[in-house]
Amino acid sequence: MSAAEHEPFMRRALELARNGWGRTHPNPMVGAVVVEEGRVVGEGFHEQDGGPHAERLALLARGKPPRPGAVLYVTLEPCSTPGRTGACTDAIIASGIKRVVVGATDPNPAHAGRGFAVLRAAGIEVTTGVLAEECADLNLIFNHWITTGGPLLAVKSAVTLDGHIACRTGDSRWITGEEARGDVMRWRRLFPAIAVGAGTVLKDNPQLTARLPGVEPWCPVRFVFDGLLRSVTDKNLPQVYTDQHRERTIVVTTPHGGMGYVRKLRDLGVQVWCLPSATQRVNFADFRRKCAEERISGVYFEGGPQLVSQMLRDRQIDYLFIYRAPMLLADGKARDMFDGLRTERLTDAVRIRDVQHGRHGDDMLTRGRVVYPERMSVDETVFSLR
């Protein structure tokens, strides 16, 4: 069969894999189908961390040994180490299936290609790379986690065609339409954590939950970056400190915020990460390490320009989601998302790689991996970032 003939079955496996959207962390989403004589006879997907893997479920769904000539399609290279659920390569070999078609290679350098070698040594024909880019993109959080040992820090922004996030007055509701905002909710559901700065909490009082049609609202871990704990000084506290999900709120602060406010938050049931810092700014390297310790594999930042500009200056943004709306402000005093660099040559610009595009109503989403230049100058005259 040609690659094009394999694609419909791999697309079905991808569709199945997405059923685990946001529920498999820190594991990847994986889908699998068993095909006999051009017909799907067994399906499976990895539903949650610790649960059975997609390949095993697809083979079990067949209900009996596959017929001669059956093919197993799987979106990610089958695991070859026992783990908690047993090696999928063992299950495939035991099933008697003689052909396996795979989308993406395991990104873990310790395992990449090993599953293929085990299957081939057992006499199984292995075809790789079918819809590889789509299969890999499905697990952008896992891929970063397994290769770096730390969380994927992603930033989301909605901008006009000329790159502004708000009018000079601060008016920004809404730059993008309902379909784009609905897509944001979908990405919120994928990431194990959402993050904003104190300014966003004080200005917008957001819920920071994922609200999708026909699905019960989901609350991820909610980070509030507040180096001085200024979001705690008012009697009317933000709802993320008082609602039914407040125990999933974590305020990230510095020793400059005051222990009285820390105790106030903890008395409310809100968690506090007080990270060492010589200034009022949270150290993002320390934040990354803490997330890794807590096995939080990805954080979706919806913070304002001060927070994300600090991240950019510190080379701490791994991934960008930019929604671009078809409108112009054409105002030099309108507000921008990023500031703080002194980029004098295009060769020193921050670049986006592995770019993906999507259309949501009239708005366009551009997303991709952030690549920093070797030389990146910081403009020290920019306002103090908190």
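Residues numbered from 1 in each chain as written. Predicted model: local features only at pLDDT ≥ 70, side-chain atom pairs only at ≥ 80, totals over all residues. Heavy atoms only, no water.

## Considerations on the pairing of strand β12 (residues 298-301)
Applicable threshold: Note on classification: 1.4 Å probe, protein chains only; a residue is buried when its accessible area is under 20% of the maximum for its type, exposed when over 50%, partly exposed between these limits. Secondary structure elements follow DSSP: runs of H or I no shorter than four residues count as helices, runs of E no shorter than two count as strands, and numbering proceeds from the N terminus. At least two bridges found by DSSP between two strands are what make those strands a pair.
Residue alternation in β12 divides its side chains into two sets, Gly298 and Tyr300 and Val299 and Phe301, and both sets are buried. Bridge analysis of strand β6 (residues 152-159) against β12 gives four bridges, and the strand direction is parallel. Directly across from leucine 152, in β12, lies its bridge partner glycine 298. Inspection of the sheet shows strand β8 (residues 193-197) paired to β12 by three bridges, in the parallel sense. Bridge assignment links alanine 193 to a residue of β12, and that residue is valine 299.

## Examining the pattern of salt bridges
Put simply, the rule reads: In the sections that follow, a salt bridge refers to a side-chain nitrogen of Lys or Arg positioned within 4 Å of a carboxyl oxygen of Asp or Glu.
The final tally for this structure, using the stated rule, is 22 salt bridges. Note that arginine 62 is salt-bridged to glutamate 36, the shortest N-O span being 2.7 Å. Taken together, the positions of arginine 62 in helix α2 (residues 54-62) and glutamate 36 in strand β1 (residues 31-36) put the pair 26 residues apart, joining distant regions of the chain. Judged by relative accessible area, which is 13%, arginine 62 ranks as buried. One salt-bridge network, in which partners are shared between bridges, spans Glu36, Glu37, Arg62 and Arg67.

## Topic: the sheet that holds strand β11 (residues 271-274)
Selection criterion: The convention used is that axes are lines fitted to C-alpha atoms, helices contributing only their stretch in contact, and that angles between N-to-C directions extend from 0 to 180 degrees. The contact criterion used throughout is that any non-hydrogen atoms of two residues lie within 4.5 Å.
Reading across from one edge, β11-β10-β9-β8-β12-β6-β13-β16-β15 is the order of the nine strands in this open sheet, with mixed pairing throughout. The open sheet has two free edges, formed respectively by β11 and β15 (351-360), since each of these has just one partner strand. Each neighbouring strand pair of the sheet contributes to a mean axis angle of 20°, computed without reference to strand direction. Sheet contacts for helix α7 (residues 178-190): β6, β8, β12, β13 (319-324), β15 and β16 (363-371); angle to β13, the most-contacted strand, approximately 160°. Running at roughly 130° to β6, helix α11 (residues 305-313) makes contact with β6, β8, β9 (221-225) and β12 of the sheet.

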